[in-house]
Amino acid sequence: MGQKIHPEGFRVGYIHDWKSNWFAEKEFADLLMQDLAIRDHIENKLAHAGLSDITIQRRGEVAVDIHTARPGIVIGKSGSEVDALRKDLHKITGTPVKVNIREVKRPELDAKLVAQSIAEQLQNRVAFRRAMKRALTSAMRSGAKGVKVQISGRLGGAEMARTEAAAEVYQLVQDGIVRGMSFSGQFLATTDQKPAKR
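Bear in mind that the values here come from a model prediction, so they are computed numbers and not experimental data. (Residues numbered from 1 in each chain as written. Predicted model: local features only at pLDDT ≥ 70, side-chain atom pairs only at ≥ 80, totals over all residues. Heavy atoms only, no water.)

**Q** Would you mind going over helix 5 (residues 111-123) with me for this structure?
**A** An α-helix turns once every 3.6 residues. As a result, residues three or four positions apart point the same way. Taking 1.5 Å as the rise per residue, helix 5 with 13 residues should run 18 Å; its terminal C-alpha atoms sit 18 Å apart, in good agreement. When we look at burial in helix 5, the residues that qualify are Ala111, Leu113, Val114, Ala115, Gln116, Ile118, Ala119 and Gln121. At its buried positions, helix 5 is contacted by strand 2 (51-59), helix 6 (128-141) and strand 5 (146-153). Its side-chain oxygen placed 3.1 Å from the backbone nitrogen of lysine 112, aspartate 110 serves as the N-cap of helix 5. Note on helix 5: the residue one or two positions beyond its end, arginine 125, has a positive phi of about 65°. (Helix = DSSP H or I, 4+ residues; strand = E, 2+ residues; numbered from the N terminus. Expected span 1.5 Å × (residues − 1). Buried < 20%, exposed > 50% of the residue type's maximum accessible area, 1.4 Å probe, protein only. Contact = heavy atoms within 4.5 Å. Polar contact = N/O pair within 3.5 Å; in protein donor to acceptor, adjacent residues only side chain to side chain.)

Written out as structure tokens, the structure reads:
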């Protein structure tokens, strides 16, 4: 059997930090469920805002850092959206929540944002190879040392599902713990139309 380990989990504690920073002995399960509820609520409410990462810290108060490519959408006009989000999170946790918005400076180098953009293009019926190539070229142009993209499923509406991959490599080390490496997957439910007959 293949011994495939998740690339993010492999680097936690060495290069990447944990997504939640807190410790509890007795109420661990309740706080974990709270974390999941917070993440679900933010991801559902801000799905269109280019969310990259959500980190939660509990040191007396709950602090939520939202990393996004479009901070203006998250904050809203004069902070109205972030205030509404703060109230929603207060209802979930029962305590005041501090919300910090952090901008992702180069979204082309963030794996989750690249995966989201490819998924959006596929939903808008862009040819999958074109979407892959566009993601590769924009990432390499932004200074990535290497990019790998893989798309699976009923590509182009074909009856048989398959996997297509593309890579552009200047210097991409896959084994070992590499700084600055990011990994992400994105699931997409599309209603496939049958391909046009030739």
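Let's pick the thread back up.
**Q** Explanation requested: the packing of aromatic side chains in the structure shown.
**A** One pass over the full model with this rule turns up 1 aromatic pair. Here tryptophan 22 and phenylalanine 28 contribute two aromatic rings whose centre-to-centre distance is 5.4 Å and whose plane-to-plane angle is 45°, an arrangement assigned as tilted. Residue placement shows arginine 58 over the ring face of tryptophan 22; its charged tip is 5.4 Å from the ring centre. (Phe/Tyr/Trp six-rings, centres within 6.5 Å; stacked < 30°, edge-to-face > 60°. Lys NZ or Arg CZ within 6 Å of the ring centre and 35° of its normal.)

**Q** Can you walk me through the packing of helix 5 against helix 6 in this structure?
**A** In a pair of packed helices, the angle between the axes and the distance between the axes together describe the arrangement. Two numbers describe how helix 5 lies on helix 6: the axes approach to 9 Å, and their chain directions differ by 155°. Classified by the interaxial angle, the pair formed by helix 5 and helix 6 is roughly antiparallel. Once helix 5 is placed against helix 6, the crossing between them reads as right-handed. Residues Val114, Ile118, Gln121 and Leu122 of helix 5 touch helix 6, and the partners they reach there are Phe128, Ala131, Arg134 and Ala135. (Axes fitted to C-alpha atoms, helices over the stretch in contact; angles between N-to-C directions. Parallel < 35°, antiparallel > 145°, perpendicular 65-115°, else oblique. Left-handed = near helix turned anticlockwise from the far one by under 90°.)

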